[in-house]
Amino acid sequence: MGTPLSELTTIGVGGVPAELVECRSRDDLVENALAVWRSGDDWLILGGGSNVVVADEVDDLRVIRVANKGIEKLGDGHVRVQAGENWDDLVELAVNSGWAGIESLSGIPGTVGAAPIQNIGAYGQEVSAVITRVEFVDYLTRETVILTRDEMKFGYRDSIFKRGRLGLITWVEFQFVTDLPAGSTALMKQRRQEVLEQRAAKGMVLNAQDADTRSCGSFFMNPIVPARLARTLPFEAPRWDTEADDGETVKLSAAWLIENAGIPKGFQIAGSGAGISSKHCLAITNRGGATAADVLQLKTYVQERVANRWGIQLRPEANLVGFESELD
């Protein structure tokens, strides 16, 4: 029997795939991806497993695990990072090197190659601000291309990759800010520590002893809604301007919507191994022995409660793999 994906994902659910290949070099990644794609089998590119919920039965799934490492310095704050590098290790390197731009993204689990797909962001920073290019193997054309920041069409927790351009990222190039005032490195180190502490308080830093960290992080995206809909919510409901900044759309707090729809921290459906984090309503966690079906059931329950109470449909930030339906 092979390795279950529950052992390779941070939420700890997922069945045994038909095949699991770990690729430790860029060339191995490309070669194995092309071979799987030519076969026509169902496939999954897996990095750190931090933003994915895999079904309990995935007998027909072939998994390519991204494990290529290497960081190449190309110039002043300009680096090329292999997709399998640990994301937080890169943040630590950047901060210690005096490279600004991702210090507030400290503690986010996963690999560098996954960062552009989700356009990871936190505490006012998004990775898209410092990404310049990626190498991408296109699933449809089988061609290897270099994509620029503009071509990736980044948005809030979004990119061209989430909107249907399937394939494989092998490396990512970053241009960090280095022309900084004296004392900036110390301030970035302080900021990194603050973020790590804030995330740990919410159960968002991986810790084997803390069941609240057996999750995908934030399971739902903060919804962007018409301003007229936001005005129907209570005054105390958090809201922020969107990138459009045109006054017509507003970003809301998914955590507030969930908790104020009657789902408290620590909530569990009777008999389920999945539950809402005891620290943060935005995270669905594995409280022990959870199945993927448990996670999906709780996801649907949360969405239905929020929709019924507020008229807003929450969209998962986590990726659902191997389910009969992966719709919102």
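For the structure, check the block above.
The following paragraphs examine the structure supplied in this document.

Analysis parameters
- Residues numbered from 1 in each chain as written.
- Predicted model: local features only at pLDDT ≥ 70, side-chain atom pairs only at ≥ 80, totals over all residues.
- Heavy atoms only, no water.
- Pairing = 2+ DSSP bridges.
- Helix = DSSP H or I, 4+ residues; strand = E, 2+ residues; numbered from the N terminus.
- Axes fitted to C-alpha atoms, helices over the stretch in contact; angles between N-to-C directions.
- Contact = heavy atoms within 4.5 Å.

In space, the 5 strands of this open sheet follow the order β5-β6-β11-β9-β10, with antiparallel pairing throughout. Both outer strands of the open sheet, β5 (71–75) and β10 (144–148), are each paired with one neighbouring strand and no more. On average, adjacent strands in this sheet sit at an angle of 20° to one another, irrespective of strand direction. Pairing of β5 with strand β6 (residues 78–82), which is carried by 4 bridges, proceeds in the antiparallel orientation. Pairing of Gly75 across the sheet is with His78, part of β6. Sheet strands touched by helix α1 (residues 26–39): β6, β9 (131–138), β10 and β11 (167–175). Its angle to β11, the strand with the most contacts, is close to 150°.

With that settled, consider the sheet that holds strand β2 (residues 42–46). What the 3 strands build is an open sheet, ordered β1-β4-β2; its pairing is parallel. Lying at the two open borders of the sheet, with one neighbouring strand each, are β1 (19–23) and β2. Averaged over all pairs of adjacent strands, the angle between strand axes in this sheet comes to 20°, irrespective of strand direction. Packed on one face of the sheet, α1 meets β1, β2 and β4 (61–66) and runs near 165° to β4.

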